[in-house]
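So the chains spell out like this:
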Amino acid sequence: MHIAVCIKQVPDTRNVRIDPDTHTLVRQGVESIINPFDLFAVEAALRIKDDTDARVTALTMGPPQAEEALRETLSRGVDEAVLLSDRAFAGSDTWATSTTLAAAVSKLADVDLVICGKQAVDGDTAQVGPEMATLLDIPYATLVRSIEWTSGGDLKVTRQTDEGIEIWRLPLPSLITVLKEVGEPRMPSLRHKMRAKKAQIPVWGADDLGLSPDSVGLCGSYTQVVRVFSPPRRSDRVFIEGSVEEQAEALYRYLKEAKVPGI
Amino acid sequence: MKAIVDRKKCTVCGVCSDACPMGAITVGETRIDISDDCTLCGICVDTCEFGALSLPEVGTGPEEDLGLYSGVWVCAEWRDGSVHRVSHELLSAGRMLADKRSAPLCAVLLGSGLEENLSRELITFGADVVYVVDRPELARFTDEAYANVLVELIRTRKPEILLAGATSTGRSFIPRVAASLRTGLTADCTELDISEDGHLLQTRPAFGGNVMATIICPNRRPQMATVRPRVMRPLVIAGHEGRIENVSVPDECLKSRVEVLEVIPEQDQTARLAEAEVIISGGRGLRKGENFALLQELAGLVGGAVGASRGAVEEGWISPSHQVGQTGRTVAPSLYMAVGIAGAIQHVVGMQGSKFIVAVNKDPQAPIFDVAGCGVVADLFEFLPAFIRKIRQERGETS
């Protein structure tokens, strides 16, 4: 079995701040990390690999430095990695990103299962997984918290919905997007780190994927950002003081006045 | 490709350079330069007060006549025989957009054994037409069947705008609808408006809520957005009239390659974070798992759910499905009460959209107080029992 895991390098949002005076993003000290949900996707793939003879390939679309993120997945035990990088990919919205990633999965030719994280923490759209599956014309399940196999070799997944859980059966090939519950990501091992250091990571551009430059990147996108601004700031903070009893009384009145339901 | 600088307008002030999250703009003596690190995110464009920065045009896709599309559609959701609250909210937002476009507002209702009162309810919230597809295959949600049916309806009736709830259902199948139709989709919007030339202005938080971005879909139709629940205000329009149209769709639309084996509703009301109006959340300050009982008691009292910080989940005090934050759930209830939570940014991004935030912490320096509308500096083990007593006392109950 061949599993493709799609990952994204994202700015570490812990360090993204808004300058209170200029209301602009402060980029100082912003490092790139692997999107946390994608580490769960890598772990989900590696757990399948632990139990079977599956081969795992990590894919990412990004600038040349995104290669770092791929090497990190190799050091955790992923077999191979491919970087999708091309100036033409810049400015991709979720549609153009899905187009590019789906073309890469098609080029790998024998992928049985695609695993993505639930969403990326910079954009929070959760759209690339389902849009890729649509382009690849394969079934998918989002919000997967555990993975099993049926006796017939189908995928049996548990989804976490707003209302509870659902258990779905999916034939392969298919795509899933996963949550934290699939398992805590393993640490890189020394053996895999050595391998990751030396590994050759192929770089595929639009040409290699058979995509015309106007079907990818900003030109291939359907949506466009027209304005970016800081969210309105909360300035009306109150501190409730006094004895514990007085604080309880004051908070109760504050919430009552605010007409908070349930109080 | 990168952002375009109009050197005639640029004053080399450097504001864009500070704003660029990629560090792609260098400010020279007489000009700015944009490097290949530019990801065309567009942040610089808005920071430039001289209008010197712009982005290249987005794609048009296959050629089509945008004028053929009209009307605002809302994809309605239902649970256990009643309309989901988010659909009321969407209709109210949709009504405003439809009125501005002088176009009809339509609701789409998919399911099996749908009672007419569901459609009536959608009309009272502003729908002019309710399209109903009632088929046994739609009894349980699957992405494929739901998406295929909606795509079929959109292809034949051509709405200009489609709104759906950013629920676990909407965010799962709407991307399939958008991709099938080759159109754009904006996720989890918190504000909607329409420009004079008919662009749906879709505003949403990005970078964990640290910035807001307004997004348009200039060249494709329908313009599609999922909308965050509990942000728009639902409004009943007294005496509003509308019609219900039962639509039949080709059988092949209803095929699904996945099979739903089991649906298990969450029995524990305090675990239903997405639907809760009130969330009482606990962190490491609770010291041990048993102390979550205090939060459970308060949540039970106000009909709320219990959330947790990553710290509390990692200690094993509560299951991961309660986790709020970057790797857990993003929630936006009316009241979020953070108890014994320090307020790391990973937690804050998951809850800062809440309407009222109350923080209870004994450390007055805790960062959670920066996002709280109301701060209580107190020992939670003294404060919570007092607060619970207060509520019971007000209700005339004895504790």
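Shown above is the structure to which this text applies.
All residue numbers refer to positions counted from 1 along the written sequence of the respective chain. Here the convention is simple: chains get letters from A, ligands get numbers from 1, in the order in which they are written. Local features in this predicted model are restricted to residues whose pLDDT is 70 or higher, and side-chain atom pairs enter the listing and the counts only when it is 80 or higher, whereas totals over whole chains, interfaces and linings include all residues.

A short note on the packing of helix α6 (residues 244-257) of chain A against helix α11 (residues 380-394) of chain B
The contact between α6(A) and α11(B) brings their axes to 8 Å, and the two run at 55°. The angle between α6(A) and α11(B) places the two elements in the oblique class. When you trace α6(A) past α11(B), the crossing you get is right-handed. Residue-level contacts link A:Val244, A:Glu245, A:Gln247, A:Ala248, A:Glu249, A:Leu251 and A:Tyr252 of α6(A) to B:Glu382, B:Phe383, B:Ala386, B:Phe387, B:Lys390, B:Ile391 and B:Glu394 of α11(B). Axis definition: a line fitted to C-alpha atoms, over the contacting stretch in the case of helices. Angles run 0 to 180 degrees between N-to-C directions. Helix and strand definitions follow DSSP, with helices as H or I runs of at least four residues and strands as E runs of at least two, each counted in order from the N terminus. Here is the rule for angles: anything less than 35 degrees is roughly parallel, anything more than 145 is roughly antiparallel, 65 through 115 is roughly perpendicular, and the remaining ranges are oblique. If you view the pair so one helix is near and one far, a crossing is left-handed when the near helix is turned anticlockwise from the far one by less than a right angle, and right-handed when it is turned clockwise. A pair of residues counts as a contact when their C-beta atoms, built from backbone coordinates, are separated by no more than 7 Å.

Points about the interface of chain B and chain A
Taken together, the contact between chain B and chain A spans 99 residues of the former and 87 residues of the latter. Broken down by class, the residue content of the side of chain B that touches chain A amounts to 50 nonpolar, 28 polar and 21 charged. A pair of strands is treated as paired once DSSP finds two or more bridges between them. Pairing of strand β14 (residues 224-229) of chain A with strand β14 (residues 211-216) of chain B, which is carried by five bridges, proceeds in the antiparallel orientation. Bridge pairing in β14(B) places A:Arg227 opposite B:Thr214. Here the nonpolar group is Ala, Val, Leu, Ile, Met, Phe, Trp, Tyr, Cys and Pro; Asp, Glu, Lys and Arg are the charged ones; every other residue, Gly included, is treated as polar.

Brief notes about the sheet that holds strand β13 (residues 200-206) of chain B
Read from one edge of the open sheet, four strands run β14(A)-β14(B)-β13(B)-β12(B), paired in antiparallel fashion. On the outer flanks of this sheet lie β14 of chain A together with β12 (191-194) of chain B, each paired with one strand and no other. Along the sheet, successive strands turn relative to each other by an average axial angle of 25°, direction set aside. Pairing between β12(B) and β13(B): four bridges, direction antiparallel. Bridging across to β13(B), B:Asp193 finds its partner in B:Leu201.

Looking at the sheet that holds strand β15 (residues 238-240) of chain A
Spatially, β15(A)-β22(B)-β21(B)-β20(B)-β18(B)-β19(B) is the arrangement adopted by the six strands of the open sheet, whose pairing is parallel. Two strands bound the open sheet, and with one partner strand each, they are β15 of chain A together with β19 (305-308) of chain B. Going from strand to strand, the sheet's axes swing by 20° on average, the running direction of each strand aside. In this sheet, strand β21 (residues 356-361) of chain B lies alongside strand β20 (residues 335-339) of chain B in parallel orientation, the contact comprising five bridges. Directly across from B:Ala338, in β21(B), lies its bridge partner B:Ala359. Those strands touched by helix α7 (residues 292-302) of chain B are β18 (278-282), β19 and β20 of chain B, and its axis lies near 175° from that of β18(B).

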